[in-house]
Amino acid sequence: MQQEDIEKLKEAGKIASQALEFGKGLIKKNASLLDVLDKIEKKIFEFGAKPAFPAQISCNHIAAHYCPDDDDKTIFSNQLVCLDVGVHIDGFIGDNAVTIDLSGKHADLVKASKEALENAISIIRHETAVSEIGKVIQASIQKYGFAPVRNLSGHGLARYGQHAKPSIPNFDNGDNTKIEKGMVFAVEPFASTGAGIVQDSGIATVFSLENKKPVRNPITREILKELESYNGLPFTTRWLTRKFGIRARIALREMQQLGILNVYPPLADKDKGIVSQAEHTLLVDNDGKVIVLTA
Ligand code: CO
């Protein structure tokens, strides 16, 4: 990795962590979920970065990918709230997440994913096998009597690549892939009171552009141009409806039918278990030193 790129990564990581901290401070009873996310994204731009994906807040049994449309009326009361924030500078991504317990009833669940993340980070070296990381995450979460979410995982971060290799499992999956020098990746344990398996739940509002195809509608053509400016990074419906009006929905539908988009529906625990999350982005530098970029 070149020094210049490492500097951009470090800056993205720092801003991601500042934006997460800022957002954490806004999540309070009676605050609006939509308003909190808008403020976080505005802050990311003020910090001189861009969202690497739409900031997301998933509550209770939803583990990931909940992103509100403009008519979303969710108000915080006593939810368990997972906040996931990613930023990029010139395509170099920092990704981090935290859980806030507004119920006051899930302290152990929050601790389980947080400690799983800390314990995982403490064993990561150049040449650690990803299954070893998964094993530590699994043990840390099971110690509290909860289930690690097995079909969600940490992930490599490439330039403009939000889900690159390697995959970092949240359990011992036997994958012998090794952490190498120059790798950037997010470690992302989820702990569940339920099945520890998530499934699609509800309507997707998060997408990314997978491949380009000729489109018919002028509005779809216009929006396709906008999507290209994201360089393959995820976006959300309301970013488009705010800029292009309600017609953006027609375009999204057409693009989905053509198979142009990756679609990320909200993911909920199969047995409606409550889910907590913690996440940091790490870099193993050219000397093999492990750096937590979002610390
Ligand atoms: Co992530």
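Residues numbered from 1 in each chain as written. Predicted model: local features only at pLDDT ≥ 70, side-chain atom pairs only at ≥ 80, totals over all residues. Heavy atoms only, no water.

Visitor: Could you give an account of the coordination of the cobalt ion, with specific residues and numbers?
Guide: Protein coordination of the cobalt ion is provided by Asp95 (OD), His155 (NE2), Glu188 (OE) and Glu279 (OE), with donor distances spanning 2.1 to 2.6 Å. In this structure, the cobalt ion is coordinated by four donor atoms arranged in irregular fashion, with angles at the metal of 80 to 164°. Along the chain, the residues donating to the cobalt ion are arranged with the sequence spacing D-x59-H-x32-E-x90-E. Placement of histidine 155 in strand E7 (residues 154-158) and of glutamate 279 in the loop between strand E16 (275-277) and strand E17 (280-284) is noted, with a sequence separation of 124 residues between them. On the accessibility criterion, histidine 155 (4% relative accessible area) is buried. (Donors = N, O, S within 2.8 Å, 3.2 Å for Na, K, Ca; no water. Tetrahedral: all angles 85-135°; square planar, octahedral: opposite > 155°, others 65-115°. Helix = DSSP H or I, 4+ residues; strand = E, 2+ residues; numbered from the N terminus. Buried < 20%, exposed > 50% of the residue type's maximum accessible area, 1.4 Å probe, protein only.)

Visitor: Describe in detail the nonpolar core, supporting the description with residues and values.
Guide: Core analysis: the largest hydrophobic core is formed by 25 residues, its most contacted members being Ile27, Ile40, Ile57, Phe76, Leu83 and Val85. In contact with phenylalanine 76, other than residues within four places in its own chain, are Ile27, Lys28, Lys29, Asn30, Ala31, Ser32, Leu33, Val36, Ile57, Cys59, Val81 and Leu102. In terms of nonpolar packing, the next biggest core, distinct from the first, is built from 24 residues, Leu109, Ile124, Phe185 and Leu282 among them. (Core = buried A, V, L, I, M, F, W, Y, C linked by side-chain atoms within 4.5 Å. Contact = heavy atoms within 4.5 Å.)

Visitor: So what's going on with the sheet that holds strand E13 (residues 235-236)? Residues and values would help.
Guide: Backbone-to-backbone hydrogen bonds pair the strands of a sheet. The strands run either parallel or antiparallel. Strands sit in the order E13-E12-E14 across an open sheet of three strands; the sheet is antiparallel. In the strand order of this sheet, the two ends are held by E13 and strand E14 (261-264), each with one partner. The pairing of strand E12 (residues 206-209) with E14 spans four bridges and is classified as antiparallel. The partner of valine 206 across the bridge, within E14, is tyrosine 264. Contacting E12, E13 and E14, helix H7 (residues 247-257) crosses the sheet at an angle of about 105° to E14. (Pairing = 2+ DSSP bridges. Axes fitted to C-alpha atoms, helices over the stretch in contact; angles between N-to-C directions.)

Visitor: Hey, could you go over the environment of lysine 50 for me, with residue numbers and the actual values?
Guide: With respect to the helices, strands and loops of the structure, lysine 50 is situated in strand E1 (residues 50-51). Judged by relative accessible area, which is 48%, lysine 50 ranks as partly exposed. The sequence separation of lysine 50 and lysine 272 amounts to 222 residues, and the corresponding C-alpha distance is 33 Å. Setting aside its immediate chain neighbours within four residues, lysine 50 contacts Ile44, Phe45, Gly86, Val87 and His88.

Visitor: Which residues make up the packing of helix H6 (residues 237-244) against H7, and what are the values?
Guide: Running from N to C, H6 and H7 point in directions that differ by 130°, and their axes come no closer than 8 Å. In terms of their interaxial angle, H6 and H7 are classed as oblique. Between H6 and H7, the contacting residues are Thr237, Leu240, Thr241 and Phe244 on the first element and Arg247, Ala248, Arg249 and Leu252 on the second. Residues of the contact of H6 with H7, tallied by class, amount to four nonpolar, two polar and two charged. (Parallel < 35°, antiparallel > 145°, perpendicular 65-115°, else oblique. Nonpolar A, V, L, I, M, F, W, Y, C, P; charged D, E, K, R; others polar.)

Visitor: Could you give an account of the pairing of strand E9 (residues 184-187), naming the residues involved and the relevant values?
Guide: The two faces of E9 match: Val184 and Ala186 on one face and Phe185 and Val187 on the other face are all buried. The pairing of E7 with E9 spans two bridges and is antiparallel. Along E9, the bridge assignment pairs histidine 155 with alanine 186.

Visitor: So what's going on with H7? Which residues, and what values?
Guide: Since the α-helix packs 3.6 residues into each turn, any two residues three or four apart lie on the same face. For H7, the set of buried residues is Ala248, Ala251, Leu252, Glu254 and Met255. Projection of H7 onto a plane perpendicular to its axis shows the buried side chains occupying an angular sector of 165°, all on one side. Exposed residues pointing more than 90 degrees away from the buried face of H7 are listed as Arg253 and Gln257. Here the buried face of H7 lies against E12, helix H5 (218-228), E13, H6 and E14. (Arc of directions from axis to C-beta.)

Visitor: Provide a residue-level description of the packing of aromatic side chains, including the pertinent values.
Guide: This model, assessed by the stated rule, comprises three aromatic pairs. Ring centres 5.7 Å apart and planes at 65° place the aromatic pair tyrosine 230 and tryptophan 239 in the edge-to-face group. Each member of the pair, tyrosine 230 as well as tryptophan 239, is classed as buried. It is lysine 43 that lies over the ring of phenylalanine 22; its NZ or CZ is 4.8 Å from the centre. Sitting over the ring of phenylalanine 171, arginine 150 keeps its end group 4.8 Å from the ring centre. (Phe/Tyr/Trp six-rings, centres within 6.5 Å; stacked < 30°, edge-to-face > 60°. Lys NZ or Arg CZ within 6 Å of the ring centre and 35° of its normal.)

Visitor: Any chance you could break down the pattern of salt bridges for me, citing the residues and the numbers?
Guide: Applying the stated criterion across every chain, the model contains 17 salt bridges. For arginine 238, the salt bridge is made with aspartate 38, and the minimal N-O distance between the two is 3.1 Å. Highlighted residues: arginine 238 in helix H6 and aspartate 38 in helix H2 (residues 33-46), separated in sequence by 200 residues. Between lysine 212 and glutamate 228 there is a salt bridge, and its shortest N-O distance comes to 3.2 Å. Taken together, the residues lysine 212 in the loop between E12 and H5 and glutamate 228 in helix H5 connect sequence positions 16 residues apart. Residue class for glutamate 228 comes out partly exposed when judged on its relative accessible area of 34%. (Salt bridge = Lys/Arg side-chain N within 4 Å of Asp/Glu carboxyl O.)

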